[in-house]
Amino acid sequence: MNRRKGIALLLSAAMLFTMNTAVFADDEVKTVEEEVGVETVYKTSGDWYDSYSEIEEKSVKINASANKAAVDKGVFVSGVPSVIGYTGKNVSSKDIVDEFICISANGFKVPVKAVKIKTKAKDVSSNATWTISSICNANYVVSINKAGYKVSLTKDEAKEGYKQLQTALANVKDIEFSTGVVAGYYDHIINAQSDNAKKGWEKDLAKTYNSALVVTAKGGKIKKVQRPVYVFDKLTNLNYGLVQNQNSTNRGRYVKKVKLVTLKKNKDYTISESGNAIVLDKQNYHAVLNGDTYKNFTVTW
């Protein structure tokens with residue numbers, strides 16, 4: 001396997017930890033003046049992966065040890081994110097639990113509601129350490145049968161499962177996990193004026209919102225740059241629970257809302273003299289464009 005193909009495969013797997021679906025540039029820096037009338041420089045996907053893997057490795061090692069400590073106490077913790085993308089703020093409990101962490105014990109499973117940040121992290125290459133502080137209520141508890149399938153419960157069974165999971169949580173509350181911060185990753189731009197989809201199944205929204213920047217412009221000049229954040233319906237992760245929901249099948253989680261978070265001008269990005277090009281901060285963001293940009297919009301590096 002050549003290096004270019006290997007990087008592409010590794011990135012495809014790596015991007016599962018966030019809402020990113022990347023389309024990669026070739027293994028060289030390119031300029032495309034003819035497409036948008038301004039010079040656009042693309043950084044290579046390999047550059048991004050090299051930095052990503054170093055940060056991830058530290059978290060993976062810590063989390064392997066943490067998971068073993070939890071298993072030794074009869075608790076299995078799943079969905080721990082090794083890395084998350086840079087947001088410009090300290091890693092928060094919401095950043096962590098949005099990746100959908102669950103704990104399982106005694107045949108019951110439930111999502112984690114909140115974590116406690118022990119070591120703060122904001123900058124790229126930093127690692128946040130955290131412990132699990134609470135789990136979702138009995139409505140979210142499911143049973144895992146011997147075949148590994150999720151089974152819905154009666155109200156009384158869910159309450160009993162929740163009670164056992166609370167005991168399991170108490171046994172692992174002091175175990176520290178780690179999540180690293182990597183450069184934000186973008187590969188296309190959405191024109192805010194044409195942005196209508198605000199909810200739906202995760203995989204149905206992927207082409208529009210994954211790895212996207214949402215740009216608001218007026219008179220051909222960029223006024224605001226935002227990034228989309230999914231607000232998930234947690235029940236669609238488990239498929240069952242006391243509150244029944246539509247089965248997500250192979251479309252992932254249900255997105256109740258696509259929230260737009262505004263990036264900071266002259267910090268996260270600057271605007272070119274022409275007014276129609278975004279220049280992302282090189283330290284904290286990475287742009288690999290797929291060429292399918294909207295008229296008058298592009299990203300320069």
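Criteria and thresholds
- Residues numbered from 1 in each chain as written.
- Predicted model: local features only at pLDDT ≥ 70, side-chain atom pairs only at ≥ 80, totals over all residues.
- Heavy atoms only, no water.
- Phe/Tyr/Trp six-rings, centres within 6.5 Å; stacked < 30°, edge-to-face > 60°.
- Helix = DSSP H or I, 4+ residues; strand = E, 2+ residues; numbered from the N terminus.
- Buried < 20%, exposed > 50% of the residue type's maximum accessible area, 1.4 Å probe, protein only.
- Lys NZ or Arg CZ within 6 Å of the ring centre and 35° of its normal.
- Pairing = 2+ DSSP bridges.
- Core = buried A, V, L, I, M, F, W, Y, C linked by side-chain atoms within 4.5 Å.
- Contact = heavy atoms within 4.5 Å.

Chemist: Even after reading the chapter, I still don't get the packing of aromatic side chains, so can you show me in this structure?
Modeler: Given two aromatic rings, one states the distance between the centres and the angle between the planes to describe the pair. Taken as a whole and assessed by the stated rule, the structure comprises five aromatic pairs. Summarising the aromatic geometry, the rings of Tyr-86 and Tyr-285 are spaced 5.4 Å apart at their centres and angled 80° between planes, so their arrangement reads as edge-to-face. Residue Tyr-86 is found in the loop between strand E4 (83-85) and helix H4 (93-97), and its partner Tyr-285 is found in strand E19 (residues 285-287); the two are separated by 199 residues along the sequence. Residue classification places Tyr-86 among the buried positions, given a relative accessible area of 5%. With a relative accessible area of 1%, Tyr-285 lands in the buried category. Ring centres of Trp-130 and Phe-177 lie 5.1 Å apart, and the angle between their planes is 20°; this geometry places the pair in the stacked category. A residue pair is termed long-range when its members are at least 10 positions apart, and Trp-130 in strand E7 (residues 127-135) and Phe-177 in strand E10 (residues 177-182) qualify at 47 residues. Note on accessibility: Trp-130 and Phe-177 belong to one class, buried. Site record: aromatic cluster; members linked through ring pairs are Tyr-86, Tyr-186 and Tyr-285. Positioned over the ring face of Phe-232 is Arg-253, at 3.7 Å from the centre of the ring.

Chemist: I keep staring at the sheet that holds strand E12 (residues 188-191) and nothing clicks. Help me out?
Modeler: Across a sheet, paired strands are connected by hydrogen bonds in the backbone, their directions being either parallel or antiparallel. The strand order across the open sheet formed by five strands is E12-E14-E15-E16-E13, and the pairing between neighbours is mixed. Both edges of this open sheet fall to E12 and strand E13 (200-201), since each of them pairs with a single strand only. Pairing geometry for E13 and strand E16 (residues 254-262), over two bridges, is antiparallel. Bridge assignment links Gly-200 to a residue of E16, and that residue is Val-255.

Chemist: So what exactly am I meant to see when it comes to the pairing of strand E18 (residues 277-280) here?
Modeler: For a regular strand, side chains alternate in direction, first toward one face of the sheet and then toward the other. By the bridge criterion, three bridges tie strand E17 (residues 269-271) to E18 in an arrangement that is antiparallel. Its bridge partner lying in E18, Thr-270 is registered against Val-279. What sits between the antiparallel neighbours E17 and E18 is a turn of five residues, in which Gly-275 has the positive phi angle 85°.

Chemist: Before we go on, may I ask you to explain unusual backbone geometry in this structure?
Modeler: Glycine aside, residues mostly have negative phi, and peptide bonds are mostly found in the trans state. One non-glycine residue, Ser-125, adopts positive backbone phi at about 85°. Looking at where Ser-125 falls in the secondary structure, it is placed in the loop between strand E6 (108-119) and E7. Unlike most non-glycine residues, Asn-266 shows phi in positive territory, near 70°. Topologically, Asn-266 is positioned in the loop between E16 and E17. Of the residues examined, Asn-266 reaches a relative accessible area of 60% and is grouped as exposed.

Chemist: Any chance you could explain the nonpolar core here in plain terms?
Modeler: General note: in soluble globular proteins, nonpolar side chains tend to be found buried as a group. Core analysis: the biggest nonpolar cluster contains 51 residues, and Val-77 and Ile-103 have the highest contact counts within it. Per-element tally for this core: the top contributor is helix H5 (residues 155-172), with five residues. Look past the residues within four positions of Val-77 in its chain and what remains in contact with it is Asn-67, Ala-70, Ile-101, Cys-102, Ile-103, Ile-132 and Phe-177. Counting residues in hydrophobic clusters, the runner-up holds nine residues, among them Ile-190, Leu-205, Phe-232 and Val-255.

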